[in-house]
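A look at the structure
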Amino acid sequence: MPDLSTLGRRVRHFRTEAGLTLEQLGRDVDVAPSQLSLIENGRREPRLTLLSALAERLDVTVGDLLDAAPPSPRAALEIELEHAQEGAAYRELGLPELRATRGMPDDVLRTLVGLHRELDRRARQAIATPEEARRANTRQRLRMQSLDNHVPAIESLASEDVAAVGHAGGALTHRTVSLMAARLGLKIVHADDLPHSARCVLDLENGRIYIPPASIPGGHGLRSLALQAMAHIRLGHGEPTSYADFLRQRQDASYYAAACLMPEEPAVAFLERAKRERDIAIEDFRDAFGVTHEAAALRFSNLATVHLGMRLHFLRAAGDGAVVRAYENDGLPLPVDVTGATEGQIVCRHWSARRAFARSTRTTEYFQYTDTPAGTFFEATQTGATEAEEFSITIGVPYSDSKWFRGRETQNHEVSRCPDLSCCRRPDADEALRWAGRAWASARVHAHIFSPLPRGTYPGIDDRELYAFLDAHSGDDGD
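Residues numbered from 1 in each chain as written. Predicted model: local features only at pLDDT ≥ 70, side-chain atom pairs only at ≥ 80, totals over all residues. Heavy atoms only, no water.

1. So, helix H10 (residues 152–164)
Since the α-helix advances by 3.6 residues per turn, residues separated by three or four positions end up pointing in the same direction. If you check H10, its first and last C-alpha atoms are 18 Å apart, about what 13 residues at 1.5 Å a residue would give, namely 18 Å. Among the residues of H10, those classed as buried are Ile 154, Glu 155, Leu 157, Ala 158, Asp 161 and Val 162. The buried side chains of H10 occupy one side of the element, clustering within an arc of 165° when seen end-on. Across from the buried face of H10, at angles greater than 90 degrees, the exposed residues are Pro 152, Ala 153 and Ala 163. (Helix = DSSP H or I, 4+ residues; strand = E, 2+ residues; numbered from the N terminus. Expected span 1.5 Å × (residues − 1). Buried < 20%, exposed > 50% of the residue type's maximum accessible area, 1.4 Å probe, protein only. Arc of directions from axis to C-beta.)

Structure, rendered in structure tokens:
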């Protein structure tokens with residue numbers, strides 16, 4: 001299936017070849033010329049019945065109209081120019097859209113497309129160091145989006161494993177997690193000298209899972225760390241062959257841990273009951289299973305679409321508004337860079353993920369309706385803090401699903417025009433003129449963004465420190 005720009009140009013190509021005007025073709029297929037114009041300009045998707053009528057009148061097949069190839073070299077340039085101007089790199093320039101008119105000479109069009117190609121090349125070159133990781137993150141996010149963030153095979157495996165140790169419901173205890181480890185021939189050992197770059201270590205030779213003596217700041221609970229280590233065995237993981245492979249294994253292991261801590265059957269039963277009562281609240285879901293707010297929100301994203309019939313979005317944002325983790329299948333216009341990655345991009349200051357930081361009391365969830373170019377969304381946000389920084393966790397749904405959630409009566413309402421830069425990124429013209437050359441701010445940056453991803457045997461892990469740790473512990477009794 002071609003995109004709408006290509007489809008529209010193919011319709012126009014065959015119409016002009018047939019010597020028909022919009023009015024003539026519209027009369028023959030019983031469609032207003034204005035509607036045909038919208039189709040030819042890529043602004044409207046035609047129904048299959050209309051496509052069939054157009055193909056019959058133009059003496060071509062529906063397949064000819066749906067061919068993904070541009071109908072001519074000129075059309076290919078026009079489509080490339082259109083797509084380039086829709087990208088993040090061009091929007092950052094704040095320039096108006098320039099449409100390729102019939103009177104625009106081919107050499108001018110080729111020059112414009114060439115400039116966009118160079119702009120794109122330079123934007124990609126500027127992020128060359130972390131590009132592999134960003135592209136892999138984007139592919140993984142889109143993969144999970146296509147699955148509605150739900151993986152039945154892992155759900156079944158996790159449910160089987162918790163049932164095998166007699167877990168019937170409620171919060172999964174540390175003892176139960178230890179029993180699950182024992183079934184795999186593993187023992188959980190607390191170690192206060194873990195490598196600084198490792199959250200936990202799985203020692204297959206000696207049958208141990210080393211975890212810290214206390215939860216890691218930021219919500220990595222000890223039960224989850226141990227379960228993620230077990231997941232690598234249960235899911236048959238081998239040594240990662242690429243960053244993308246490492247990322248997939250990491251996400252699948254986290255999914256398995258969450259599915260054990262909040263097993264599908266009781267979790268869905270809890271959420272369905274809350275939906276019937278029109279009182280869904282992530283904080284209740286969190287407390288019922290004894291997990292962090294982020295874990296509960298992510299788990300809700302695994303189950304909401306498949307079991308509750310809701311599309312949604314999830315955001316973890318830092319205190320400065322930078323995206324740490326994001327997922328959506330409800331059309332929320334996430335901020336993205338030239339590679340399509342959203343991590344590190346700044347969310348709109350009018351979104352709930354940032355507005356929640358403005359409250360003086362943050363012990364409860366913050367609720368808000370947000371109007372965006374993609375529609376209105378209801379959002380619930382909880383803030384928290386680590387030793388390093390503040391963060392917010394947001395779950396949002398389209399307005400039509402707000403009726404199922406606690407907090408829907410909120411009067412908090414914001415309007416966001418992002419990704420339009422005039423929404424919250426570009427200053428007022430008069431203010432910019434007033435302060436131009438009269439002020440200087442020292443930017444706050446995260447130093448790690450200037451460094452490439454460490455490339456050891458295990459991505460992101462200091463191999464030397466890891467092997468020293470394993471050698472130091474290989475002779476003890478594990479207590």
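2. Digging into the sheet that holds strand S1 (residues 187–190)
Taken together, 3 strands build an open sheet; the order of strands is S1-S3-S2 and the sheet is mixed. Every other strand in the sheet has two partners, leaving S1 and strand S2 (201–203) as the edge strands with one partner each. Geometrically, the sheet is characterised by an average inter-axis angle of 25° between neighbouring strands, direction not taken into account. Relative to strand S3 (residues 208–211), S2 runs antiparallel, the two sharing 3 bridges. Across the sheet, residue Asp 203 finds its bridge partner in S3, namely Arg 208. On top of the sheet, helix H12 (residues 222–234) reaches S1, S2 and S3; it is set at about 145° to S3, its chief contact. (Pairing = 2+ DSSP bridges. Axes fitted to C-alpha atoms, helices over the stretch in contact; angles between N-to-C directions. Contact = heavy atoms within 4.5 Å.)

3. Describing empty space enclosed by the protein
Throughout the structure, instances matching the rule amount to 1 cavity of 30 Å³ or more. Lining the largest cavity we find Asp 161, Met 180, Arg 183, Leu 184, Met 230, Arg 234 and Tyr 256. Counting only elements with at least two residues in the lining of the largest cavity, the list comes to helix H11 (174–183) and H12. Of the residues in the lining of the largest cavity, the class split is 4 nonpolar, no polar and 3 charged. (1 Å grid on protein atoms, 1.4 Å probe; cavity = no way out; pocket = protein on both sides within 12 Å on 5 of 7 lines; lining within 4 Å. Points joined across faces, edges and corners; volume = space filled by probe spheres on them. Nonpolar A, V, L, I, M, F, W, Y, C, P; charged D, E, K, R; others polar.)

4. Structural notes on the layout of surface pockets
Over the atoms a probe the size of a water molecule is rolled, and this reveals where empty space is left. Volume-wise, the second largest pocket comes out at about 420 Å³. Contributing elements (two or more residues each) for the lining of the second largest pocket: helix H1 (4–17) and helix H6 (73–86). Ranked by residue count, the leading element in the lining of the second largest pocket is H6, at 6 residues. Per-class residue counts for the lining of the second largest pocket are 5 nonpolar, 6 polar and 9 charged.

5. Describing the packing of helix H2 (residues 22–29) against helix H3 (residues 33–40)
In a pair of packed helices, the angle between the axes and the distance between the axes together describe the arrangement. It is at 8 Å that the axes of H2 and H3 come closest, and there the two elements cross at 110°. When the axes of H2 and H3 are compared, the pair comes out roughly perpendicular. Residue-level contacts link Leu 22, Glu 23, Leu 25 and Gly 26 of H2 to Pro 33, Leu 36, Ser 37 and Glu 40 of H3. Partitioning the contact of H2 with H3 into residue classes produces 4 nonpolar, 2 polar and 2 charged. (Parallel < 35°, antiparallel > 145°, perpendicular 65-115°, else oblique.)

6. Notes on the packing of aromatic side chains
Inspection of the entire model under this criterion finds 8 aromatic pairs. Ring geometry for Phe 285 and Phe 289: centres 5.5 Å apart, planes at 75°, overall edge-to-face. Highlighted residues: Phe 285 and Phe 289, both in helix H15 (residues 282–289), separated by 4 residues, approximately one helical turn. For the residue pair Phe 285 and Phe 289, the accessibility class agrees, reading buried in each case. One aromatic cluster is present, formed by Phe 300, Phe 367, Tyr 369, Phe 378, Tyr 399 and Phe 405 through successive ring pairs. (Phe/Tyr/Trp six-rings, centres within 6.5 Å; stacked < 30°, edge-to-face > 60°.)

7. Concerning the confidence of the model for the protein chain
Per-chain confidence: the protein chain averages 87 in pLDDT, with 92% of residues scoring 70 or above. Of all helices and strands in the protein chain, the one with the weakest mean pLDDT is helix H19 (residues 463–473) (74), whereas strand S6 (residues 366–372) scores best (97). Note that residues 447–455 has pLDDT below 50 and, in this model, 7 contacts with residues that lie over four places away or in other chains. (pLDDT = per-residue confidence, 0-100.)

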